[in-house]
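Listed below are the residues making up each chain.
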Amino acid sequence: MLIDGLRDDFVFGSKGVKFMPYTTYLVEKGASHSFVAEAKLPTVTMPRIKALMTGSLPGFIDVVRNLNSPELLEDNVITQAKAAGKRIIFYGDETWVKLFPKHFVEYDGTTSFFVSDYTEVDDNVTRHLDKVLKRGDWDMLILHYLGLDHIGHVSGPSSPLIGHKLREMDSILMKIHTSLLSEERETLVPNLLVLCGDHGMSETGGHGASSMEELNTALILISSAFERKPGDIRRPKHVQQTDLAATLAIGLGLPIPGNSVGSLLFPTVEGRPVREQLRFLHLNAVQLSKLLQENVPSYEKEPGFEQFKMSERLHGNWIRLYLEENNSEVLFNLGAKVRRQYLDALRTLSLSLSRQVAQYDIYSMLVGTVVVLEVLSLLLLSIPEALSNKAELEVPLWSPVFSLLFYLTLLVLSALHVIVCTSAESSCYFCGLSWLTAGGVMVLVSALLCAVVSALAKTFGDGKFLSKNPAHPKPRWSELDVLILLGTMGHVLSLGASSFIEEEHQTWYFLINTLCLALCHEIYRNCLLRDDSEPQQCPHVEEEFIRTAAALQDRSTGCDTLEPHGVSRSLTSLDTLRGYEKWMVLASPWVILTCCRLLRSLNQTGVQWAHRPDLGHWLTSSDHKAELSVLTALSLIVIFALVQRKCSLTSKVALALGLLGVYCYRAAIGNVLFPWQRDSKDISKGVIEARFVHVFVLGILFTGTKDLLKSQVIATDVTIKTVGLWEIYSGLVLLAALLFRPHNLPVLVFSLLIQTIMTKFIWKPLRHDAAEITIMHYWFGQAFFYFQGNSNNIATVDISAGFVGLDTYIEVPAVFLTAFATFAGPVLWASHLVSFLSSETSSGSALSHACFCYALICSFPVSAYIILVTSLRYHLFIWSVFSPKLLYEGMHILITAAICVFFTAMDQTNTKS
């Protein structure tokens, strides 16, 4: 009986005493053995099932495979049981059916990813129990309950629903146990009932990381074969989760899975004769020693192997003495010594195997790294052309095909591929591809290499490297340019340290705070001081005059200054500005700094301080639901006020109704209260309310898309395109408001507020170019990713967001909603960038510059990180720190690619206009 998300303190702590009385009785007084089983990373369901059944340590790539589990081909207990003729029945998480598709004589799978369902998903398992427990046509019954884990994802481990679910699980365990006891009275054959969890859950309800709450799970083995004397109080012992596979195999009389690194849970065989105990321990030690020989060349020097050989010799002496005389004190003492020696050997062997490094596919990793570096090199070498007036970026991939270098490179790569793949001892992903696919990759690598060489010759030959505008070079870099360069380089270098990755949010908080101070310095210098200490002119935000079409055509500049279409701006004295505008220009950086400081107090993230209380925890507690309701209502009102200003009338109405629907949805699922409600007893899944909001989201997005298509037909009307882009942005804001948890809505409010302040009082007055504005958007987008409460930890992904408005699991919308909710900060800032540049710049190359800068600023850290991870693959924290970050970066690159496609589409529209 596997209960998904069963933390150890749910059974052995105060909650177990209160909500699981029967289980507590079995633990304290019944015929059982209790353990705290420690899971290894990654703490998600599919890898944990593999660990329980194979005894091996799954790879981190299983986090991705968890979404659609392939068949498990590795040696495991289920396969061994089926081969031995055992009849196995399964009910529960369909992941088991995918892992073992032909192993069960009867099964009924339930969807594991629909986290909003925590009732029916368990009822569909329990409904089979009454019938199957009365039948005698099975040898193994596996039940996997998902409701507890789903409640954790939606409401967290402190939710009142946790207690109700634990009480339900306790009653089911009692039903199974009493049924087995009544059967034993007739057959006189003892049964074994195993209660376990696959992983725990963090204090926020997620899992996937390495906190103690996620790693430690309950493991209880219950059988009348276990003897227990009255008054025998046993505290749960700490063991490894992988130990269960070896224990089940020995208990069922099956071979131990070949790749198992676990050791026998010895308390389960303490009641057996000494001869059987030593035999079981010897079987386990032989299996572990063989695995050590396969993975460690110098296995004979390993302490565990030496202990095993010593145990075998002592075991032989004991057998000779046993055959001579059965009962003597010498025989008993020697047996105890052999048992201790075996247990020490098992412990050392298991620890040594668990610490063995993974078998890396170096060849495939190098091929991927080479492709990434070639693309990054092309981006860096294309800076002069991409940031010039024409904003043209041409990468010649066809012409190198006819060069001698291309054919020589392709020939060398093909020969290398044949040599590596024919001599590789272990499996290789790239070698497993068809020759046609592998040949295509080698052609791409060769063509990219030739293109890089060609770009190098052209760039250094023309002397244009790292110049934004070769025709009009800047005399020197501004302080902001230096800050952007140093900040980007500093962030890339910080990725080489595990602590900086765990606390990456601190890096981004520091960068945006420094950026605000730099902007403050620039504003004060431009507005208050000249070089001769006299007052200088300050840009007026509002003052504009109409510019002639001829002047627009004749204007040529190397940077895209921010001027509204068809108009120009003049400089005025600071004294001529109205009081409000003057003080807002001067105060805007400090207002932004204040907003950022408030947001840092909302969600504690990272590792070092994640456990500390924050404003989010205070708001989500049941005692402060009224305060959370007021905050949610105010946040939705402010969101409407900030977004509606550029929308059409239809979109304004849709936005207002959509935000009202957001509050109704949160009230329906019990997060907030209506003014006339005193409690939230009548809660539901909120499917109707969420779909109501989805309709308005789609409506606003459709209206914006229609305006963009209309702007292509009516090329002279720029207003239509501006409104269309803002409406698409508004639709994304409404979707984010729906998916964000109520306490996170202030993050969305402050994001919109900062965008408004920077648009009116910083970017327009200071006339930054498109490249600088793009990088500012990127930095703030990254900071807001962490302001949401995200981290480089898989446990912080809010799975429940993927099921808002769904009553069944549908993979595509669930993945999309989860990804959008996670990366809402970067996506909203990028979409605001497109809208801002399209509406505020008169230069046709602004979007092209922004697209290139956005792609480069995202690609540079990822490329550097891939090299760092490859070189640090033997690092102690490679699985717990570096690998999760790599998954985040991979998803971030996919989102960046989609954003760049949107940039390009808008740029094509702008070019036609």
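Procedures and definitions
- Residues numbered from 1 in each chain as written.
- Predicted model: local features only at pLDDT ≥ 70, side-chain atom pairs only at ≥ 80, totals over all residues.
- Heavy atoms only, no water.
- Helix = DSSP H or I, 4+ residues; strand = E, 2+ residues; numbered from the N terminus.
- Buried < 20%, exposed > 50% of the residue type's maximum accessible area, 1.4 Å probe, protein only.
- Contact = heavy atoms within 4.5 Å.
- Areas by Shrake-Rupley, 256 points an atom, 1.4 Å probe, with all protein chains shown as cover.
- Pairing = 2+ DSSP bridges.
- Patch = residues over 30% accessible without salt bridge, like charges linked within 9 Å, V, L, I, M, F, W, Y side chains within 5 Å.
- Salt bridge = Lys/Arg side-chain N within 4 Å of Asp/Glu carboxyl O.
- Phe/Tyr/Trp six-rings, centres within 6.5 Å; stacked < 30°, edge-to-face > 60°.
- Disulfide = S-S within 2.5 Å.
- Axes fitted to C-alpha atoms, helices over the stretch in contact; angles between N-to-C directions.
- Parallel < 35°, antiparallel > 145°, perpendicular 65-115°, else oblique.
- Left-handed = near helix turned anticlockwise from the far one by under 90°.
- Nonpolar A, V, L, I, M, F, W, Y, C, P; charged D, E, K, R; others polar.
- Expected span 1.5 Å × (residues − 1).
- Polar contact = N/O pair within 3.5 Å; in protein donor to acceptor, adjacent residues only side chain to side chain.
- pLDDT = per-residue confidence, 0-100.

1. Points about the overall build of the protein chain
Here is step 1: For the protein chain, the helix and strand inventory stands at 37 helices and ten strands.
Here is step 2: Burial status across the protein chain gives 54% buried among its 913 residues.
Here is step 3: Counting only contacts in the protein chain whose residues sit at least 6 apart along the sequence, the fraction spanning at least 24 positions is 75%.
Here is step 4: Accessible surface computed for the protein chain: about 41300 Å², of which carbon and sulfur atoms make up 61%.

2. Thoughts on the pairing of strand β2 (residues 32–38)
Here is step 1: Within β2, six of the seven residues are buried, leaving the element largely enclosed by the surrounding structure.
Here is step 2: Where β2 lies against strand β7 (residues 216–222), seven bridges are found, and the strand directions are antiparallel. The residue bridging Ala37 from the neighbouring strand is Thr217, located in β7.
Here is step 3: Here β2 pairs with strand β8 (residues 237–240) via four bridges, running parallel. For Ala37, the partnering residue across the bridge sits in β8 and is Val239.

3. With respect to a nonpolar patch on the surface
Here is step 1: A cluster of nonpolar residues, Trp477, Val482, Leu485, Leu486 and Met489, forms a patch on the protein surface that exposes about 480 Å² of accessible area.
Here is step 2: By relative accessible area, Val482 is classed as partly exposed at 34%.

4. Brief notes about the packing of aromatic side chains
Here is step 1: Applying the stated criterion across every chain yields a total of 28 aromatic pairs.
Here is step 2: With a centroid separation of 5.4 Å and 25° between ring planes, the pair formed by Phe90 and Phe104 is classed as stacked. With Phe90 in strand β3 (residues 88–93) and Phe104 in the loop between α7 (95–99) and β4 (106–110), this pair connects stretches of sequence that are 14 residues apart. Side by side, Phe90 and Phe104 carry an identical accessibility label, which is buried.
Here is step 3: Considering the side-chain rings of Tyr778 and Tyr854, the 5.8 Å spacing of their centres and the 90° angle between planes classify their relative orientation as edge-to-face. Of the two residues, Tyr778 sits in helix α33 (residues 770–787) while Tyr854 sits in helix α36 (residues 846–871), which places them 76 residues apart along the sequence. When sorted by exposure, Tyr778 lands in the same class as Tyr854, which is buried.

5. What to know about the state of the cysteines
Here a disulfide denotes a covalent bond joining the sulfur atom of one cysteine to the sulfur atom of another.
Here is step 1: Applying the stated criterion across every chain yields a total of one disulfide.
Here is step 2: Linked covalently through their sulfurs, Cys421 and Cys431 form a disulfide whose S-S length is 2.0 Å. On the S-S bond that ties Cys421 to Cys431, the torsion sits near -85°, and the link is left-handed. Placement of the pair is Cys421 in helix α19 (residues 404–423) and Cys431 in helix α20 (residues 429–432), with a sequence separation of ten residues.
Here is step 3: Its relative accessible area of 23% is what places Cys431 among the partly exposed residues.

6. What about the pattern of salt bridges?
Here is step 1: One pass over the full model with this rule turns up 19 salt bridges.
Here is step 2: Where Asp108 meets Arg127, a salt bridge forms, and the shortest distance between an N and an O atom there is 2.8 Å. Here Asp108, found in strand β4, pairs with Arg127, found in the loop between α8 (120–126) and α9 (129–134); they are 19 residues apart in sequence, far enough to count as distant.
Here is step 3: Note that Asp122 is salt-bridged to Lys165, the shortest N-O span being 2.8 Å. With Asp122 in helix α8 and Lys165 in helix α11 (residues 160–187), this pair connects stretches of sequence that are 43 residues apart.

7. Some points on the packing of α33 against α36
Here is step 1: α36 packs onto α33 with a crossing angle of 45° between their chain directions and a minimal axis gap of 8 Å. Taken together, the axes of α33 and α36 lie oblique to each other. The interaxial crossing formed by α33 with α36 has right-handed handedness. Each of Ala770, Ala771, Thr774 and Tyr778 in α33 lies in contact with α36, whose residues at this interface are Ala846, His849, Ala850, Cys853, Tyr854, Ile857 and Cys858.
Here is step 2: Among the residues making up the contact of α33 with α36, the classes are represented as nine nonpolar, two polar and no charged.

8. Considerations on α11
Here is step 1: Here α11 spans 42 Å end to end across 28 residues, near enough to the 40 Å set by a 1.5 Å rise per residue.
Here is step 2: Between the side-chain oxygen at the start of α11 and the backbone nitrogen of Leu161 there is a gap of 3.1 Å, and the oxygen is on Ser159.
Here is step 3: At the C-terminal side of α11, Leu188 shows a positive phi close to 60°.

9. Considering the environment of Cys421
Here is step 1: Residue Cys421 is classed as partly exposed on the basis of its relative accessible area, which comes to 23%.
Here is step 2: Residues Cys421 and Tyr363, 58 residues apart in the sequence, show an inter-C-alpha distance of 9.2 Å.
Here is step 3: Non-local contacts of Cys421, meaning those with residues more than four positions away in its chain, are made with Tyr363 and Cys431.

10. Quick look at unusual backbone geometry
Glycine aside, the phi torsion of most residues is negative, and most peptide linkages are trans.
Here is step 1: The amide bond that connects Leu41 to the next residue, Pro42, takes the cis arrangement and shows omega of -5°.
Here is step 2: Within the secondary structure, Pro42 sits in the loop between β2 and α4 (45–54).
Here is step 3: The phi dihedral of Leu188 falls on the positive side, at around 60°, and the residue is not glycine.
Here is step 4: The residue Leu188 is located in the loop between α11 and β6 (193–196) in this model.
Here is step 5: Classification of Leu188 as exposed rests on a relative accessible area of 73%.
Here is step 6: Its identity is not glycine, yet Arg767 carries a phi of approximately 50°, on the positive side.
Here is step 7: Along the polypeptide, Arg767 turns up in the loop between α32 (745–766) and α33.
Here is step 8: On the basis of relative accessibility, which here comes to 39%, the residue Arg767 falls in the partly exposed class.

11. Here we look at the side chain of Lys885
Here is step 1: Along the polypeptide, Lys885 turns up in helix α37 (residues 878–912).
Here is step 2: A distance of 2.7 Å separates a polar atom in the side chain of Lys885 from a polar atom in the side chain of Glu504.
Here is step 3: Leaving out residues up to four positions away in the same chain, Lys885 has contacts with Leu495, Ile501, Glu504, Tyr786, Asn792 and Tyr865.

12. Focus: the packing of helix α29 (residues 649–668) against helix α31 (residues 718–739)
Here is step 1: In contact at an axis separation of 9 Å, α29 and α31 are set at 10° when each is read in the N-to-C sense. Classed by the angle they form, the pair α29 and α31 counts as roughly parallel. Residue-level inspection shows Ser651, Leu655, Gly658, Leu659, Val662, Tyr665 and Arg666 of α29 in contact with α31, the latter providing Glu727, Ser730, Leu734, Ala737, Leu738 and Leu739.
Here is step 2: Class assignment for the residues of the contact of α29 with α31 results in eight nonpolar, three polar and two charged.

13. Observations regarding the environment of Phe10
Here is step 1: Its place among the elements puts Phe10 in helix α1 (residues 8–12).
Here is step 2: For Phe10 and Ile162, which are 152 residues apart along the polypeptide, the C-alpha to C-alpha distance reads 9.1 Å.
Here is step 3: Residues within four places of Phe10 in sequence aside, it is in contact with Gly5, Lys15, Gly16, Met20, Leu148, Pro157, Ile162, Leu166 and Met201.

14. Brief notes about the confidence of the model for the protein chain
Here is step 1: Mean pLDDT over the protein chain works out to 85, with 87% of the residues at or above the 70 mark.
Here is step 2: Taken as a whole, residues 530–576 scores under 50 in pLDDT and shows 104 contacts with residues more than four places along the chain or in a different chain.

15. Side note on the side chain of His207
Here is step 1: With respect to the helices, strands and loops of the structure, His207 is situated in the loop between β6 and α12 (212–215).
Here is step 2: Side-chain polar atoms of His207 contact the side chain of Asp149, separated by 3.2 Å.
Here is step 3: A polar contact is formed between the side chain of His207 and the side chain of His153, at a distance of 3.1 Å.
Here is step 4: Once you skip the residues sitting within four places of it in the chain, His207 turns out to touch Thr43, Val44, Asp149, His153, His199, Gly200, Met201, Glu214, Ile794 and Ala795.

16. Some details on the environment of Glu300
Here is step 1: The residue Glu300 is located in the loop between α14 (274–295) and α15 (303–324) in this model.
Here is step 2: Residue class for Glu300 comes out exposed when judged on its relative accessible area of 53%.
Here is step 3: Setting aside anything within four residues of it in sequence, one finds Glu300 in contact with Phe305 and Glu306.

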